[in-house]
Amino acid sequence: AQKITQTQPGMFVQEKEAVTLDCTYDTSDQSYGLFWYKQPSSGEMIFLIYQGSYDEQNATEGRYSLNFQKARKSANLVISASQLGDSAMYFCAMREVTSGTYKYIFGTGTRLKVLA
Amino acid sequence: DTGVSQNPRHKITKRGQNVTFRCDPISEHNRLYWYRQTLGQGPEFLTYFQNEAQLEKSRLLSDRFSAERPKGSFSTLEIQRTEQGDSAMYLCASRPTGPEAFFGQGTRLTVV
């Protein structure tokens, strides 16, 4: 069964420092996508970054990078040069491509607080 | 591209009443999702449409919940005979042919 695990309920990081948010996943599908979303207090889920299971290179989008370790089934988000505006909930998600389901499943999230 | 629009943003209703939420996806996104999110949890899948066809529903979705997407554009989610346990944020997302889904700002439902 597909599952996403985020073991860090909360994280603190000093402004301008880098931070890693952990995500592990479980799937029996060979083809799947991994996603990170940011949810500020306003409630909207903001797409950050995507990694396909067959992508050989780690995805990067500006200050965001995804550390994809397929054998370990982990997809950690790295935020470089943290800013105060990065304070938010962060959710890891997965969608299987060939298992017959269309849904994304989400982890329970990590609340990040950036300190000035 | 005006983003995914959800209305209303907030809804307070009395237990037992029916409520309906609307989602307008990004134009030309033929895939649409509804999710529910309770405090401290990640979004939980409710249902999925491709064009007007409802292709997947969560087994957790009781028969009090129904969703439609009659013309393959906007979608509605109706909850009949609301219960206090229905209080949550209801999120809508749309997806083009690419992998990522784009979410609206959600409708926060409070059942009193």
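Keep in mind that what you see is a predicted model, and the values were worked out from it rather than measured.

A. Up close: the sheet that holds strand 1 (residues 5-7) of chain B. All names here are of chain B. Pairing in this open sheet of four strands is antiparallel, and the strands run 1-3-8-7 from one edge to the other. A strand with exactly one partner marks an edge of an open sheet, and here the two such strands are strand 1 and strand 7 (65-68). When the angles between neighbouring strand axes are averaged without regard to direction, this sheet yields 15 degrees. As judged from the five bridges shared by strand 3 (residues 19-24) and strand 8 (residues 75-79), these two strands associate in the antiparallel manner. By the bridge assignment, threonine 20 is partnered in strand 8 with glutamate 78.

B. Region of the structure containing the interface of chain B and chain A. Each side of the interface is counted separately: chain B has 22 residues, and chain A has 18 residues. Taken over both partners, the interface formed by chain B and chain A buries close to 1,700 Å², and the fraction arising from carbon and sulfur atoms is 57%. Contact with chain A buries area across many residues of chain B, yet Glu56(B), Pro99(B) and Phe103(B) alone supply 28% of it, more than any other trio. Across the contact surface, chain B and chain A share nine residue pairs in polar contact (both at pLDDT 80 or more).

C. Spotlight on the pattern of salt bridges. Residue and element names in this part refer to chain B. Inspection of the entire model under this criterion finds six salt bridges over all chains. Of the charged contacts, one joins arginine 64 and glutamate 83 as a salt bridge, the two residues approaching to 3.4 Å between their closest N and O atoms. Taken together, the residues arginine 64 in the loop between strand 6 (53-57) and strand 7 and glutamate 83 in the loop between strand 8 and strand 9 (88-95) connect sequence positions 19 residues apart. What makes arginine 64 buried here is its relative accessible area of 9%. A relative accessible area of 40% means that glutamate 83 is categorised as partly exposed. Each member of the salt-bridge network shares a partner with another, and the members are Arg64, Glu83 and Asp86.

D. Summary view of the pairing of strand 5 (residues 44-50) of chain B. All names here are of chain B. With five of seven residues buried, strand 5 lies mostly within the body of the structure. Hairpin connection from strand 4 (residues 31-37) to strand 5: six residues lie between these consecutive antiparallel strands, with glycine 40 at a positive phi of about 80 degrees. Note: strand 5 against strand 6, four bridges, orientation antiparallel. Within strand 6, the position partnered with glutamine 50 by the bridge is alanine 53. Linking strand 5 back to strand 6 in an antiparallel pair, the connection comprises two residues, with asparagine 51 at a positive phi of about 55 degrees.

How each quantity is defined
Residues numbered from 1 in each chain as written. Chains lettered and ligands numbered in written order. Predicted model: local features only at pLDDT ≥ 70, side-chain atom pairs only at ≥ 80, totals over all residues. Heavy atoms only, no water. Pairing = 2+ DSSP bridges. Helix = DSSP H or I, 4+ residues; strand = E, 2+ residues; numbered from the N terminus. Axes fitted to C-alpha atoms, helices over the stretch in contact; angles between N-to-C directions. Contact = heavy atoms within 4.5 Å. Buried area = accessible area lost by both parts, 1.4 Å probe. Polar contact = N/O pair within 3.5 Å; in protein donor to acceptor, adjacent residues only side chain to side chain. Salt bridge = Lys/Arg side-chain N within 4 Å of Asp/Glu carboxyl O. Buried < 20%, exposed > 50% of the residue type's maximum accessible area, 1.4 Å probe, protein only.

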